[in-house]
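Overview (structure and organization)
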Amino acid sequence: LAPAFATMHTIRRAAGTLTYPEAHGLPWGAYAQAWVIALLLGIGKLAVGWPLLYAEKGQVCTASAEICEQTEFVTSAQAAALEAGGVSIEIYARIFLSMQVFSTLVWAGTGLLIFALRSDDWMAMLVSAMLILFTTGQGTDPIVRAFPIWGWASTFIFNLQNILMFLVIALFPS
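Cut-offs used in this document
Residues numbered from 1 in each chain as written. Predicted model: local features only at pLDDT ≥ 70, side-chain atom pairs only at ≥ 80, totals over all residues. Heavy atoms only, no water. Helix = DSSP H or I, 4+ residues; strand = E, 2+ residues; numbered from the N terminus. Buried < 20%, exposed > 50% of the residue type's maximum accessible area, 1.4 Å probe, protein only. Contact = heavy atoms within 4.5 Å. Areas by Shrake-Rupley, 256 points an atom, 1.4 Å probe, with all protein chains shown as cover. Core = buried A, V, L, I, M, F, W, Y, C linked by side-chain atoms within 4.5 Å. Patch = residues over 30% accessible without salt bridge, like charges linked within 9 Å, V, L, I, M, F, W, Y side chains within 5 Å. Salt bridge = Lys/Arg side-chain N within 4 Å of Asp/Glu carboxyl O. Phe/Tyr/Trp six-rings, centres within 6.5 Å; stacked < 30°, edge-to-face > 60°. Lys NZ or Arg CZ within 6 Å of the ring centre and 35° of its normal. Expected span 1.5 Å × (residues − 1). pLDDT = per-residue confidence, 0-100. Polar contact = N/O pair within 3.5 Å; in protein donor to acceptor, adjacent residues only side chain to side chain.

A few words on the overall build of the chain. Secondary structure summary: the chain contains 9 helices and 0 strands in total. Of the regular secondary structure in the chain, the N- to C-terminal order runs α-α-α-α-α-α-α-α-α. Taking all 174 residues of the chain together, the buried fraction comes to 32%. Here the contacts in the chain between residues at least 6 apart in sequence split such that 67% fall between residues at least 24 apart. For the chain, the exposed surface amounts to about 10300 Å²; the carbon and sulfur share of it is 72%.

Shown next, in the form of structure tokens:
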């Protein structure tokens, strides 16, 4: 990655344009490193969260209705409706996870495409990082329930995603 950034940076400098990081004295590599860190955080959260989400969707919640609403478990009423429709809970969990993976591929793929085409633009990198982290946020978090000690990391990634989304909305178009 470093030679590609250096080449683009040199070409822009030779053409007489002044990019945002140059204008503010910030090294362009810092933006690229922050983007890579956001990418790795998103991949890590999805790699840990998807199997947990699949496990939760494949089980019927036996707790109270209030607790079941705060998790991704299937309620007994939902399980009965699925069975009446001829869909097992296992099939439902697979379909649900497939939809999550598809959504992630669309959002993260768009973010990766933006990064690949416009990695010399700080706003494009911000939008790209937001799109990649956008799929990692969810109302209920199976990582927090399965590994309470790692709740802070999951919450940090979720908050980072929200901060990036706010920045994109506030700064676009810059």
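Before going further, it helps to spend a moment on the nonpolar core. Across soluble globular proteins, you tend to see nonpolar side chains buried next to one another. By size, the foremost hydrophobic cluster in this structure holds 18 residues, and its most contacted members are Trp-35 and Leu-164. At the level of elements, α3 (28-57), α6 (89-118), α7 (122-134) and α9 (151-171) are the ones that each hand at least two residues to this core. If you tally residues by element for this core, the top one is α7, at 9 residues. What Trp-35 contacts, discounting residues up to four positions off in sequence, is Leu-112, Phe-115, Met-125, Ser-128, Ala-129 and Ile-132.

Together, Val-48, Phe-147, Ile-149, Trp-150, Trp-152 and Phe-156 give the surface a local cluster of nonpolar side chains, amounting to about 700 Å² of exposed area. Among the secondary structure elements, Phe-156 is positioned in helix α9.

On inspection of all chains with the given rule, the structure shows 4 aromatic pairs. A centroid spacing of 3.6 Å and a plane angle of 5 degrees characterise the contact between Trp-35 and Phe-115, whose relative ring orientation is stacked. Here Phe-115 lies in helix α6 and Trp-35 lies in helix α3, a separation of 80 residues in the sequence. Across the ring face of Phe-96, the terminal group of Lys-57 is positioned such that the distance to the ring centre comes to 4.3 Å.

Further remarks concern the pattern of salt bridges. Considering all chains together, one arrives at 5 salt bridges under this definition. Of the charged contacts, one joins Glu-56 and Arg-145 as a salt bridge, the two residues approaching to 2.5 Å between their closest N and O atoms. On the criterion of sequence distance, the pair formed by Glu-56 in helix α3 and Arg-145 in helix α8 (residues 142-146) is long-range, its members being 89 residues apart. Judged by relative accessible area, which is 8%, Glu-56 ranks as buried.

Let us look at α9. If you check α9, its first and last C-alpha atoms are 30 Å apart, about what 21 residues at 1.5 Å a residue would give, namely 30 Å. Taken together, the buried positions of α9 are occupied by Gly-151, Ala-153, Ser-154, Ile-157, Gln-161, Leu-164 and Val-168.

So, on to the confidence of the model for the chain. Per-residue confidence for the chain averages 81 on the pLDDT scale, and 82% of its residues sit at or above 70. Summarising per-element confidence for the chain, the mean pLDDT is lowest in helix α2 (residues 20-23) (46) and highest in α6 (92). In this model, residues 1-24 is a region of pLDDT below 50 whose contacts with residues beyond four sequence positions or in other chains number 22 contacts.

Mapped onto the secondary structure, Thr-135 falls in the loop between α7 and α8. Polar contacts involving the side chain of Thr-135 include one to the main-chain carbonyl oxygen of Ile-132, which spans 3.3 Å. Setting aside residues up to four positions removed in sequence, Thr-135 forms contacts with Leu-46, Ser-103, Thr-104 and Trp-107.

Moving on, we come to the environment of Gly-111. Within the secondary structure, Gly-111 is located in helix α6. Sequence spacing of Gly-111 and Ala-129 is 18 residues, and the spatial spacing of their C-alpha atoms is 6.6 Å. Contact partners of Gly-111, with chain neighbours within four places excluded, come to Ser-128, Leu-131 and Ile-132.

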